[in-house]
Amino acid sequence: MGVLFVKKKKFLFGIFVFVLTVIFSGTILAFADVNNTELAAGSLGSEIKIEKGEDNVESRIKDTLASVYNRIIFSIDDIIGKISADNPYFNLSAGGQGIELKLSDKALTGSKTTYQWYSCSDLKKNNAEAIEGATSSSYTTPDFESPEIRYYYCLIKTPVSAVKTRVYQVAYTGIPVVYIETPDGKAISNHNSWLEGASITIDGNGTDYDSLEKTPIRIKGRGNSTWIWPTAKKPYTFKFEDSTKVLGMGKNKTWALMANFRDKSLLRNWFASELERTVFARDNMWKTEFVCVDLILNGQYHGNYNIATTIKIGSKRIDIPDISDILSGELKDTNEDGVINYDDGGFIVELNRFKNEPYNFTTSRNIIFSLKDPDLNNPNDGNLDIVKYIASYIQSVEDVIYSDNFADEETGYASYIDVDSFVDWYIMEELSKNHDGVFDLSTYMYYNPKDKLLHMAPVWDNDIAYGNYMGELAKTENFHVKAGWYVRLFQDPAFNQKVKDRWAEKRDDIFDFANNDLQNKADEIRVSAQLNFQRFRILGHYIWQDPSGFRERKTFQSNVDSLTNFINGRIAWLDSQWLD
């Protein structure tokens, strides 16, 4: 037995070394993505050089490595689960109904075989009690009255032996359950191309959320570092054929499944989006929504996820005219200047140092943007003209921000950007000390031709924010987000005062939300979180760039408390800077 265990350890170590090799290879290639179009942006009207990316050997190697990597990670996760002595078997209840537990076909049978089901307190069969009348090869549990986890096993007796079965773990989480099936159970191993023929079913699970009958979708991976992270808990994007309402959120075709693997509170993305939606609510701003769910992927419990609205142009998303409609003649005179041209169209750009979108451009201040929406197809003259216009427009805004008269109320930056949205975004990112919030990644802006202003789009990607990163970002002191254009904006005393005024207006609401609503949500997903961390045993263990103290935070609640404590400490420090 000892020899077998050593062999298994060597086998896993060998796989681990190989995976690390793939990770580093894939990461290096990911930063060298060449299948994109890069634009060197100049001022409005100047010539913009366009470099068209072409498919090549390097990009094909990258896709191959990513596919191999994900297959290996799925395999390792499965192997570890099988080797583990207390491997949990998850049976999720729908709507609190009882679940039928059946013995395997390989279980002992015979005319003199007897069965007795037991309930116990944990996976180790402690505090076992025989269940009266549960004496057949199957047992249906009582219905659930509230979210909880139960444990059962069966004692099988024959004239010559007595065998205790594995522990059947039965849970009612009290949050919606999402079921995704892929053709023949195929792994979702790519975040660049869609896997066709999948389906999704959503069970409201006794909550106020609506269910969704089985509906065809296509699905792919999403994210940059989150996609190549070594775990089977991956983030995904899925897309319906037609716009569909999901869990009470407005109809759209495209949705995100956020894994939150590196966030041991599971709540940072939810908190950031709800903070923006409910505390920093402005009527002219669209806000993302995150709903906590359990994911069953191809029949296997996959953990606690968020279904989230994605940042797209649309009637239930960022409701602006689409600049690409000019190609089909559908664009209207939005700004009412008597002429229909590019000025009448809206768009979304992302600050993105990875440059991994089809169209990317760099401003004269070396700030890298990607065109996020409209999602233009392969390069053609019409599309490239649109991208050239957008790049030139962004450059013109930057030129004004860095001009001598940038603070002029009539001709300065305030006539080009929606200052209120820039203030709110800054405060939320500064509060969170978001690792990705330094004006170079996961930061969105959209142009609305109706008010002729560039807006800071919703906050995004907060799983390694709010103290969930080592070093300086784990401290509640010091400023973090004064980067890029914000360095210049803060040189205007009026902008600095707007930030202070908005903080004074909202800090009490932020405190209440962090110390009440956050804990309420933690209580709501507590059972789901318990299952999640049995499936992915990371509590108390190091994940890359974890802040100090991770070993002591061995429970879900201790990680929620850590999040709350960081926010309270951050509020106190920002008070010292912004409140007179």
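The rules behind these values
- Here the residue index of a chain counts from 1 through its sequence in written order.
- Since the coordinates come from a predicted model, pLDDT governs what is reported: local features require at least 70, and pairs of side-chain atoms require 80 or more to be given and counted, while whole-chain, interface and lining totals use all residues.
- Only hydrogens and water are set aside when side-chain values are computed; all heavy atoms of the structure are taken into account.
- Side-chain rings of Phe, Tyr and Trp (the six-membered ring for Trp) are treated as a pair once their centres are within 6.5 Å; stacked means planes under 30 degrees apart, edge-to-face means over 60, and tilted covers the remaining angles.
- Put simply, DSSP H or I for four residues or longer makes a helix, DSSP E for two residues or longer makes a strand, and each gets a number counted from the N terminus.
- Burial status follows relative accessibility: with a 1.4 Å probe on protein chains alone, a residue under 20% of its type maximum counts as buried, one over 50% as exposed, and anything between as partly exposed.
- Look at NZ for Lys and CZ for Arg. If either is within 6 Å of the ring centre and within 35 degrees of the ring normal, a charge sits over the ring.
- Angular values range over 0 to 180 degrees, each being the angle between N-to-C directions of two axes fitted as lines to C-alpha atoms, with helices fitted over their stretch in contact.
- In these notes the angle categories are as follows: under 35 degrees is roughly parallel, over 145 is roughly antiparallel, 65 to 115 is roughly perpendicular, and the rest is oblique.
- Residues are grouped as follows: nonpolar covers Ala, Val, Leu, Ile, Met, Phe, Trp, Tyr, Cys and Pro; charged covers Asp, Glu, Lys and Arg; every other residue, Gly included, is treated as polar.
- Strand pairing is assigned whenever DSSP detects at least two bridges linking the two strands.
- A patch consists of residues exposed above 30% relative accessible area that lack any salt bridge, with like charges linked at up to 9 Å and nonpolar side chains (Val, Leu, Ile, Met, Phe, Trp, Tyr) linked at up to 5 Å.
- A 1.4 Å probe and the Shrake-Rupley method give the accessible areas. Residues count as covered only by the protein chains that appear here.
- By salt bridge we mean one thing: a side-chain nitrogen of Lys or Arg within 4 Å of a carboxyl oxygen of Asp or Glu.

All told, the structure shown has 33 aromatic pairs when counted by the stated rule. Here phenylalanine 479 and tryptophan 578 contribute two aromatic rings whose centre-to-centre distance is 5.9 Å and whose plane-to-plane angle is 35 degrees, an arrangement assigned as tilted. Separated by 99 residues along the polypeptide, phenylalanine 479 in the loop between β22 (453–456) and α6 (485–489) and tryptophan 578 in helix α9 (residues 556–578) bring together distant segments of the chain. By relative accessible area, tryptophan 578 is classed as buried at 4%. Above the face of the tyrosine 153 ring, lysine 125 is positioned so that its terminal group lies 5.2 Å from the ring centre.

Their axes nearest at 11 Å, the elements helix α7 (residues 493–524) and α9 cross at an angle of 170 degrees. With respect to their mutual orientation, α7 and α9 come out roughly antiparallel. Across the contact of α7 with α9, the residue classes tally to 14 nonpolar, six polar and four charged.

Below, the discussion takes up the sheet that holds strand β16 (residues 290–297). Spatially, seven strands are ordered β11-β12-β13-β14-β15-β17-β16 in a closed barrel, and the strand pairing comes out mixed. Across this sheet, the average inter-strand angle for adjacent strands is 35 degrees, counted without regard to direction. In terms of strand pairing, strand β15 (residues 249–258) meets strand β17 (residues 300–309) through four bridges, oriented antiparallel. When the sheet's bridge partners are listed, alanine 256 is paired in β17 with alanine 308.

The next point concerns a nonpolar patch on the surface. Residues Met470, Tyr542 and Trp544 make up a contiguous nonpolar surface patch of about 330 Å² in total accessible area. You can see tryptophan 544 is positioned in the loop between α8 (526–535) and α9.

Looking now at the pattern of salt bridges. Here the structure, examined in full by the defined rule, presents 22 salt bridges. Taking the shortest distance from any N to any O, the salt bridge between glutamate 472 and lysine 475 comes out at 3.8 Å. Judged by its relative accessible area of 34%, glutamate 472 is partly exposed. A salt bridge links arginine 507 to aspartate 575; the shortest N-O distance between them is 2.5 Å. Linking arginine 507 in helix α7 with aspartate 575 in helix α9, this pair joins segments that are 68 residues apart in sequence. With relative accessibility at 18%, the residue arginine 507 sits in the buried group. Aspartate 575 gets classed as buried once you look at its relative accessible area, which sits at 15%.

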